[in-house]
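Residues per chain, in single letters:
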Amino acid sequence: MNINGISYRAIWPEQDGSSVNIIDQTRLPHDFSVIQLTDLSSAAQAISTMQVRGAPLIGATAAFGVALAMQENASDFGLKAACDVLLATRPTAVNLRWALERMQSVLSAASDIDRVKIAWQEAKLIADEDVEINRSIGVNGLPIIRALWEKKRNPVNILTHCNAGWLATVDWGTALAPIYAAHDAGIPVHVWVDETRPRNQGASLTAWELQQHGVQHTLIVDNVGGHLMQHGQVDMVIVGTDRTTAQGDVCNKIGTYLKALAANDNNVPFYVALPAPTIDWRIQNGVTEIPIEQRDGAEVSHISGLDATGKVVVVNIAPVDCQVANYAFDVTPARLVTGLITERGVCAASKDGLLGLYPEQMA
Ligand code: MRU
């Protein structure tokens, strides 16, 4: 994506192939800061502290993390240890496991001497593939938005939750890819941006991204969506996902399920945009089988922002020592999902729908 005339991806390797650059997403929207990951531990830390986040970007960062680890120790032991460290960083987004299994399978077949070179090649391939996948998700989602525009001839109002834009992937995004495609095709769109407590990915990242791209948007608190839907102010919902099961249950940022319920009650189409590596073909029931990350309670009891001098301040908004629960994701059952927008086309959120697009996954 273009920021101040410079084209960026959310992650990219240094020219000399010794380190990886990321945008520190914990500092946005106040500060656009690029940092270098130079070893396994900095890559693992970037994922667990959410300097990088979003399922596809977590997967790509893990792949580069393996490449960095191979520079330190390219033995079988080094490979396994690196994958174990990276896999433990975050539990919900299945792209992490997918990327590590792919790296492990390619590298296990190579000798120790070749592993550094092959690891960098494979990680770059994963990143390049992600960009093309997301571009295709945009192309496949565009007709849905175009149809709404042709029907109403007024700006299409789309609600999204969390950040599933280019910052959550290597480029383009998943949920935001069709929105960027529609905007670039001259279709007037307006996005309702859920702030997405507690980490505020909507306020800090989605609103920033849309602003950079010139897409009209309005930031709202998380509980507004139902009210807007009751008053005909939402034409469709598009969200991303961290793990979608073989039967089409969708795990995404906490609060997504409540948006799906409200959409269902108000006949608002609810779409989920996802790349193939986000599908977990090994499980069916999302509610019982997907591990839901629980994070530090301080993310809920405290909020951060800038003071008048531009300094980041963190303030407590709850009683000291208040008991806090911080569930990071929830599961929306397939029956509440209008359709899945993938790089191969749009399908029903069901086993048959997914297998129709990915027949190679048939047992
Ligand atoms: O906790 P995060 O910020 O990693 O959660 C991100 C999301 O929930 C996104 O919606 C999801 O990863 C899809 S990103 C294309």
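These numbers were taken from a predicted model, which means no experiment stands behind them. (Residues numbered from 1 in each chain as written. Predicted model: local features only at pLDDT ≥ 70, side-chain atom pairs only at ≥ 80, totals over all residues. Heavy atoms only, no water.)

Looking now at the overall build of the chain. The helix and strand tally for the chain stands at twelve helices and 18 strands. Taken against the 2.2 N^0.38 rule, which gives 21 Å for 363 residues, the C-alpha radius of gyration of the chain at 20 Å falls within 12% of a compact globule. Overall, the chain is about 60 × 55 × 45 Å in size when its C-alpha atoms are taken along their principal axes. Here the chain, with 363 residues, has 55% of them falling under the buried criterion. (Helix = DSSP H or I, 4+ residues; strand = E, 2+ residues; numbered from the N terminus. Rg over C-alpha atoms; globule rule 2.2 N^0.38 Å. Buried < 20%, exposed > 50% of the residue type's maximum accessible area, 1.4 Å probe, protein only.)

Next up on the list: the pairing of strand β14 (residues 302-306). Of the pairings in the sheet, the one linking β14 to strand β15 (residues 312-316) comprises five bridges and is antiparallel in character. Counted as the bridge partner of S304 is V314 from β15. Counting the residues that bridge the hairpin from β14 to β15 gives five residues, and of these G310 lies at a positive phi of roughly 90 degrees. (Pairing = 2+ DSSP bridges.)

Quick look at the UniProt feature "site: Transition state stabilizer" (unreviewed entry) in the chain now. The UniProt feature table records "site: Transition state stabilizer" (unreviewed entry) at C162. Counting through the fold element by element, C162 comes out in the loop between β6 (156-160) and α6 (176-184). Here C162 is in contact with R53, D194, T196, Q201, G202, T206 and K253, once residues within four sequence places are set aside. (UniProt positions renumbered as here; feature names shortened; annotations may be inferred. Contact = heavy atoms within 4.5 Å.)

Moving on to the domain arrangement of the chain. On domain assignment, one finds that the chain holds domain 1 (2-129) and domain 2 (133-362). On a C-alpha basis, the centres of domain 1 and domain 2 stand 24 Å from each other. If you look at the interface, domain 1 gives 32 residues, while domain 2 gives 34 residues. Joining domain 1 to domain 2, the criterion identifies three salt bridges. Measuring nitrogen to oxygen at the nearest pair gives 2.8 Å for the salt bridge that ties E293 to R90. At the boundary of domain 1 with domain 2, the tally comes to 15 residue pairs in polar contact (both at pLDDT 80 or more). At the level of secondary structure, the elements contributing two or more residues to the side of domain 1 that touches domain 2 comprise α2 (55-72), α4 (94-108) and α5 (115-152). When residues of the side of domain 1 that touches domain 2 are assigned to their parent elements, the largest contribution, five residues, is made by α4. (Domains from an automatic or database assignment. Salt bridge = Lys/Arg side-chain N within 4 Å of Asp/Glu carboxyl O. Polar contact = N/O pair within 3.5 Å; in protein donor to acceptor, adjacent residues only side chain to side chain.)

All right, on to the site of the ligand then. The ligand sits among 19 residues. The nearest are R90, Q201, D242, N252 and K253. At 2.7 Å, a side-chain N or O of N252 approaches an oxygen atom of the ligand. Computed on the free molecule, the ligand has an accessible area of 410 Å², of which 100% lies beneath the protein chains in the complex. Here the ligand occupies the largest cavity. Those elements that place two or more of their residues in the shell around the ligand are α2 and β11 (250-253). Of the residues assigned to the shell around the ligand, the class counts are seven nonpolar, eight polar and four charged. Both domains that furnish three or more residues to the shell around the ligand are identified here as domain 1 (2-129) and domain 2 (133-362). (Near = heavy atom within 4 Å. Areas by Shrake-Rupley, 256 points an atom, 1.4 Å probe, with all protein chains shown as cover. 1 Å grid on protein atoms, 1.4 Å probe; cavity = no way out; pocket = protein on both sides within 12 Å on 5 of 7 lines; lining within 4 Å. Sits in = over half its atoms within 2 Å of the grid points. Nonpolar A, V, L, I, M, F, W, Y, C, P; charged D, E, K, R; others polar.)

Here the UniProt-annotated "binding site: substrate" (unreviewed entry) positions come out as R53, G54, A55, R90, Q201, N252 and K253. The subset of the named residues that lines the largest cavity consists of R53, G54, A55, R90, Q201, N252 and K253. Ignoring sequence-local partners within four residues, the contact set of A55 consists of A93, N95, A168, T241 and D242. Mapped onto the fold, K253 is located in strand β11. Judged by its relative accessible area of 6%, K253 is buried.

The next thing to look at is the pattern of salt bridges. In the structure shown here, the tally under the stated rule is 19 salt bridges. Of the charged contacts in the structure, one is a salt bridge between R115 and D76, with a shortest N-O distance of 2.7 Å. Taken together, the positions of R115 in helix α5 and D76 in helix α3 (residues 76-87) put the pair 39 residues apart, joining distant regions of the chain. For E299, the salt bridge goes to R199, with nearest N and O atoms at 2.8 Å. Remark: R199 occurs in the loop between β7 (189-194) and α7 (201-213) and E299 occurs in helix α11 (residues 298-301); sequence separation between them is 100 residues. The exposure class of E299 is buried, given its relative accessible area of 13%. Taken together, the shared-partner salt bridges in this structure form one network comprising R90, R199, E293, R295 and E299.

The next point concerns the packing of aromatic side chains. Working definition: an aromatic ring pair is given by the centre-to-centre distance plus the angle between the planes. Under the definition given, this model contains six aromatic pairs. The interplanar angle of 40 degrees and the centroid separation of 6.4 Å between the aromatic rings of W166 and W208 together place this pair among those described as tilted. With W166 in the loop between β6 and α6 and W208 in helix α7, this pair connects stretches of sequence that are 42 residues apart. Neither W166 nor W208 differs from the other in exposure class; each is buried. (Phe/Tyr/Trp six-rings, centres within 6.5 Å; stacked < 30°, edge-to-face > 60°.)

Inspection of the secondary structure assignment puts H161 in the loop between β6 and α6. Exposure remark for H161: the relative accessible area of 1% places this residue in the buried category. A distance of 2.8 Å separates a polar atom in the side chain of H161 from a polar atom in the side chain of D194. Engagement of the side chain of H161 in a polar contact is seen with the backbone oxygen of I254, the distance being 2.8 Å. Excluding anything up to four places from it in sequence, H161 contacts D194, T196, D222, I238, V239, N252, K253, I254, G255, T256 and K259.

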